[in-house]
Structures are given as structure tokens and as C-alpha cells.
Protein chains: 2
Amino acid sequence: MEAATTALGDADFAAPVEDRWFEDYVPGEVYAYGSITVTEEEILRFAGEFDPQSIHTDPRAATEGPFGGLIASGWHTCGIMMRLYADHYVSAVASLASPGIDELRWVRPVRPGDTLSLRTTVKEARLSRSKPDRGVVRTAIEVFDQHGDTVLTMTAINILRSRPAVDASRR
Amino acid sequence: MEAATTALGDADFAAPVEDRWFEDYVPGEVYAYGSITVTEEEILRFAGEFDPQSIHTDPRAATEGPFGGLIASGWHTCGIMMRLYADHYVSAVASLASPGIDELRWVRPVRPGDTLSLRTTVKEARLSRSKPDRGVVRTAIEVFDQHGDTVLTMTAINILRSRPAVDASRR
């Protein structure tokens, strides 16, 4: 997996990931990050540990399979998505938890050598009524391959701390 | 990750995973498989590659975090679930694809040393109208820790080939 990834295009948060809070997630904002290229060796290693189905672990058998060749475990694609999401999107200081994911769809197979990028759209940002120091952010996630085809979609749910009030005594 | 896992309890498919087809997934059937123990080293390695948030990568920093200690990436827990699902539940011969997952919920954190098991409940098995050689199976997935507490739930969707008709010429 390639190491260095970056924001794609001009749009990105004004606040860096180390100083980003609930208020920085504004519904309607769209960001793109990438890219990560996945190798056959990585596909085989991931699948050998977590998803030992022959379409993910056996290049020869996979040619006879429903996708006509080796494809990455869908959970591997989710891992690659998460790497871009953690490096660039979700706050490194304000994240309290993720309750889960809705409507995860593996739209197309990911093959050795494919290069994946992430697009995030803030769908909803709602301050908690019971705990006003935090809010719930819902994000539409799309992962694309190098052809611009969608390979994975889902909606992520994150609980993020609000920006701390400025302490007047420390001004 | 421990290697040898097994069916837990008495219930299991009559058909082995190498000869299991759409028809073998009967709504209402419940199966349990396990167990896999996750180590701190595995948590750190997975997170270093796919989810480098400090609650997953830095045991010291994690003690100050929202869970009071290191926890596994939620995607790592999904990978462990998938290992049990692939080894014991989803057919090794009939699986054509998985369109996706609905309502994935990380219910409780998974910590180093936790031992996870899987419970699957066949919720729906519907033959395809357009392609009667296959059907769609929806499975409720629950993952438990060693205390019996639920750590992960989701609904999986699998497309599975029907049992091939016996070829009369080969009888």
C-alpha cells in the first residue's frame, strides 16, 4: 500500500485533522482524498488472514470464478477506505466513537493494481440534545477506482466532540 | 489470531461448506462458530495499516482516550467476523457475490485478549426471479466476546448458486 496520500482537488477542511471539531463538519461539503494502490500480494495477505475464499486467495482458481480473476476481499476495500478516512477526514482529536455504518455496498470488484480514492460528503451534523459537548455526523462515503468507477459506498456515523470553549482565564 | 475454530453447540448445516448451496440456507436456522482471540500485537498491526487513530495504535495515548485503553479498529472486528463466516458459514462453492451489508453496528469495544465468536441467523432466502439458478440470502450476524456481550451486529447479503440439477446422462 502506498504511503503518501493527499487531498485531491482544491476543496479541503480549513481546520487540520489535529484541530478539527464537530463544528467543522458542514452539511453539503464534499472532499476527495487519495490515492492508494492495492497489490496482489496485499490482497492475498489480507484474505489469507480474514477472508479465505478462493476468489480472494487463489489467483488460479479465481480465473474460473464469478469475477474471472482475483479480487480483493470487500473488507480489505473497507480497510483501504478507512486509511484515507483516518488520515484525512475524521478528526484526530474530537472523535469519540463510531456507532456504525449504514447501507454498505460493494458496487464493483477491486483487482490487483487498482488505485482507490475516497470522496466524502457531509450529509448531516446534529448536536446532541442530551450531551451538548458533542454531535453526530453522518457522511456519505464513495470509493472510486482509477477509471472513476465506484467500487464501494456507505454512510458512516461518527460522534465528534464540539470545539472546546475558550477558557477566559487563559486569554 | 488462533487458527482452529469450530461450530459451537449442536446445530450446524447438514451440508459441509464445500457442498452447500442456496437451498441449504433455511430461514430461522441459527448457528454459532468460534472462537478467535485477538492480541494487542494484531490490533496494533491492523490499525497501523488501515486505521491509524491513536485509540487503535497507541496503548499509552489510548488510556487517556474515550475508551480508557486500546481497542481494536471496528474494521478489524469485521475481519475477524469474516474469518469465522468464511470458514464455517458461507458456501465455498456456491457464493457468487456479496452486494453489501446493512446496519453495521459496533456495539461494544474489542480489547486485547478478547475472544470473539459468531452467531448467524438466516433471515431470508429468496430465489432470484430473473436468474433461477441463484438466490439471495440475508443473514443476521452477531459477534460476541468471551463475556457473552454483543460487540458487533450487521445484516449480510449473499448471492448463492442453487444446487445443480443432477445430470441424468451421468447417472
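Residues numbered from 1 in each chain as written. Chains lettered and ligands numbered in written order. Predicted model: local features only at pLDDT ≥ 70, side-chain atom pairs only at ≥ 80, totals over all residues. Heavy atoms only, no water.

### Overview of the relation of the copies chain B and chain A
In this structure, two copies of a chain are linked by a rotation about an axis accompanied by a shift along it.
Move 1: In screw terms, the move from chain B to chain A is a rotation of 180° and a rise of 0.0 Å along the axis, fitting with an RMSD of 0.0 Å. Viewed as a symmetry operation, the transformation between the two copies matches a two-fold axis. By C-alpha distance to the rotation axis, the residue of chain B lying nearest is Asp102 of chain B, at 2.8 Å.
Move 2: A shared interface surface links the copies, since 100% of the contact residues of chain B are contact residues in chain A too. (Least-squares fit on C-alpha atoms with pLDDT ≥ 70 in both. Contact = heavy atoms within 4.5 Å.)

### Focus on the packing of aromatic side chains
All names here are of chain A.
Move 1: The full count for this structure, using the stated rule, is 17 aromatic pairs over all chains.
Move 2: Among the aromatic residues, ring-to-ring pairing joins Phe13, Tyr25, Tyr31, Tyr85 and Tyr89 into one connected group.
Move 3: The ring of Phe13 has Arg20 sitting right over it, with the charged end atom 3.7 Å from the ring centre. (Phe/Tyr/Trp six-rings, centres within 6.5 Å; stacked < 30°, edge-to-face > 60°. Lys NZ or Arg CZ within 6 Å of the ring centre and 35° of its normal.)

### Focus: the interface of chain B and chain A
Move 1: On the chain A side, the residues contacting the 36 residues of chain B number 36 residues.
Move 2: For the pair chain B and chain A, the two sides together bury roughly 2900 Å², of which 59% comes from carbon and sulfur.
Move 3: Sorting the residues of chain B by area buried against chain A places Glu49, Phe50 and Trp75 of chain B first, and these three jointly supply 24% of that buried surface.
Move 4: Counting the contacts that link chain B with chain A gives four salt bridges. (Buried area = accessible area lost by both parts, 1.4 Å probe. Salt bridge = Lys/Arg side-chain N within 4 Å of Asp/Glu carboxyl O.)

### Points about the sheet that holds strand 1 (residues 6-8) of chain B
Move 1: Strand order across the open sheet formed by twelve strands is 1(A)-2(A)-4(A)-5(A)-6(A)-3(A)-3(B)-6(B)-5(B)-4(B)-2(B)-1(B), with antiparallel pairing between neighbours. Edge positions in the sheet fall to strand 1 (6-8) of chain A together with strand 1 of chain B, since each of these pairs with one other strand and no more. On average, each strand axis in the sheet is inclined to that of its neighbour by 30°, with strand direction left out of account.
Move 2: Examined bridge by bridge, strand 1 of chain A and strand 2 (residues 30-37) of chain A share three bridges and lie antiparallel to one another. When the bridges of strand 2 of chain A are listed, Leu8 of chain A appears paired with Ala32 of chain A. (Pairing = 2+ DSSP bridges. Helix = DSSP H or I, 4+ residues; strand = E, 2+ residues; numbered from the N terminus. Axes fitted to C-alpha atoms, helices over the stretch in contact; angles between N-to-C directions.)

### Some thoughts on the pattern of salt bridges
Move 1: Applying the stated criterion across every chain, the model contains 22 salt bridges over all chains.
Move 2: For the salt bridge of Arg134 of chain B with Asp133 of chain B, the shortest nitrogen-to-oxygen distance reads 2.9 Å.
Move 3: Salt bridges linked by common partners bring Asp19, Asp24 and Arg163 of chain A together as one network.

### Details of the packing of helix 4 (residues 74-88) of chain A against helix 1 (residues 40-50) of chain B
Move 1: Closest axis-to-axis distance for the helix 4 of chain A/helix 1 of chain B pair is 8 Å, and the angle between their directions is 65°. Relative to helix 1 of chain B, the element helix 4 of chain A lies roughly perpendicular. Packed against helix 4 of chain A, whose contacting residues are His76, Gly79, Ile80, Met82 and Arg83 of chain A, the element helix 1 of chain B presents Gly48, Glu49 and Phe50 of chain B at the interface.
Move 2: Tallied by class, the residues present in the contact of helix 4 of chain A with helix 1 of chain B amount to three nonpolar, three polar and two charged. (Parallel < 35°, antiparallel > 145°, perpendicular 65-115°, else oblique. Nonpolar A, V, L, I, M, F, W, Y, C, P; charged D, E, K, R; others polar.)

### A short note on empty space enclosed by the protein
Move 1: Overall, the coordinates contain one cavity of 30 Å³ or more when judged by the stated rule.
Move 2: Its boundaries defined by the atoms lining it, the largest cavity holds a volume of some 110 Å³.
Move 3: Looking at the largest cavity, the residues that line it are Glu42, Arg45, Phe46, Glu49, Phe50 and His76 of chain A together with Glu42, Arg45, Phe46, Glu49, Phe50 and His76 of chain B.
Move 4: Of the residues that constitute the lining of the largest cavity, the class distribution is four nonpolar, two polar and six charged. (1 Å grid on protein atoms, 1.4 Å probe; cavity = no way out; pocket = protein on both sides within 12 Å on 5 of 7 lines; lining within 4 Å. Points joined across faces, edges and corners; volume = space filled by probe spheres on them.)

### Structural notes on the nonpolar core
Move 1: Ranked by internal contacts, the top residues of the largest apolar core, which has 80 residues, are Trp75, Met81 and Leu104 of chain A together with Trp75, Met81 and Leu104 of chain B.
Move 2: In this view, Met81 of chain B contacts Trp75 of chain A together with Leu118, Ile141, Val143, Leu152 and Met154 of chain B; residues no more than four positions away in its chain are not counted. (Core = buried A, V, L, I, M, F, W, Y, C linked by side-chain atoms within 4.5 Å. Buried < 20%, exposed > 50% of the residue type's maximum accessible area, 1.4 Å probe, protein only.)

### Remarks on the state of the cysteines
Disulfides are covalent bonds that link the sulfur atoms of two cysteine residues.
Move 1: For the structure shown, the criterion picks out zero disulfides over all chains.
Move 2: The thiol sulfur of Cys78 of chain B is not disulfide-bonded, and the nearest other cysteine sulfur, from Cys78 of chain A, lies at 7.3 Å.
Move 3: Its relative accessible area of 0% is what places Cys78 of chain B among the buried residues. (Disulfide = S-S within 2.5 Å.)

### Section: the pairing of strand 6 (residues 150-161) of chain B
Two faces, one strand: in a regular strand the side chains alternate between the faces of the sheet.
Move 1: By the bridge criterion, seven bridges tie strand 3 (residues 95-106) of chain B to strand 6 of chain B in an arrangement that is antiparallel. Bridging across to strand 6 of chain B, Ile101 of chain B finds its partner in Ala156 of chain B.

### Quick notes on the side chain of Ser128 of chain A
Residues and elements named next belong to chain A.
Move 1: Assignment of secondary structure puts Ser128 in the loop between strand 4 (115-127) and strand 5 (134-144).
Move 2: Within the local environment of Ser128, its side chain forms a polar contact with the side chain of Ser130, the two groups lying 3.4 Å apart.
Move 3: Excluding residues that lie within four positions of it along the chain, Ser128 makes contacts with Arg134 and Gly135. (Polar contact = N/O pair within 3.5 Å; in protein donor to acceptor, adjacent residues only side chain to side chain.)

### Observations concerning the confidence of the model for chain A
Move 1: Mean pLDDT over chain A: 94, with 95% of residues reaching 70 or higher.
Move 2: Listed scores for the predicted complex are pTM 0.95 and ipTM 0.94. (pLDDT = per-residue confidence, 0-100.)

### What about helix 4 (residues 74-88) of chain B?
Move 1: In a regular helix each residue adds 1.5 Å, so 15 residues correspond to 21 Å; helix 4 of chain B covers 21 Å between its end C-alpha atoms and thus fits that length.
Move 2: Across the 15 residues of helix 4 of chain B, 14 count as buried, placing the element largely inside the fold. (Expected span 1.5 Å × (residues − 1).)

### A closer look at unusual backbone geometry
Residue and element names in this part refer to chain A.
Move 1: Here the amide bond leading from Gly34 into Ser35 is cis, since omega sits at -10°, within 30 degrees of zero.
Move 2: Mapped onto the elements, Ser35 comes out in strand 2.
Move 3: With phi around 50°, Glu103 is a residue other than glycine that occupies positive phi space.
Move 4: Assignment of secondary structure puts Glu103 in strand 3 (residues 95-106).
Move 5: Residue Glu103 is classed as exposed on the basis of its relative accessible area, which comes to 53%.

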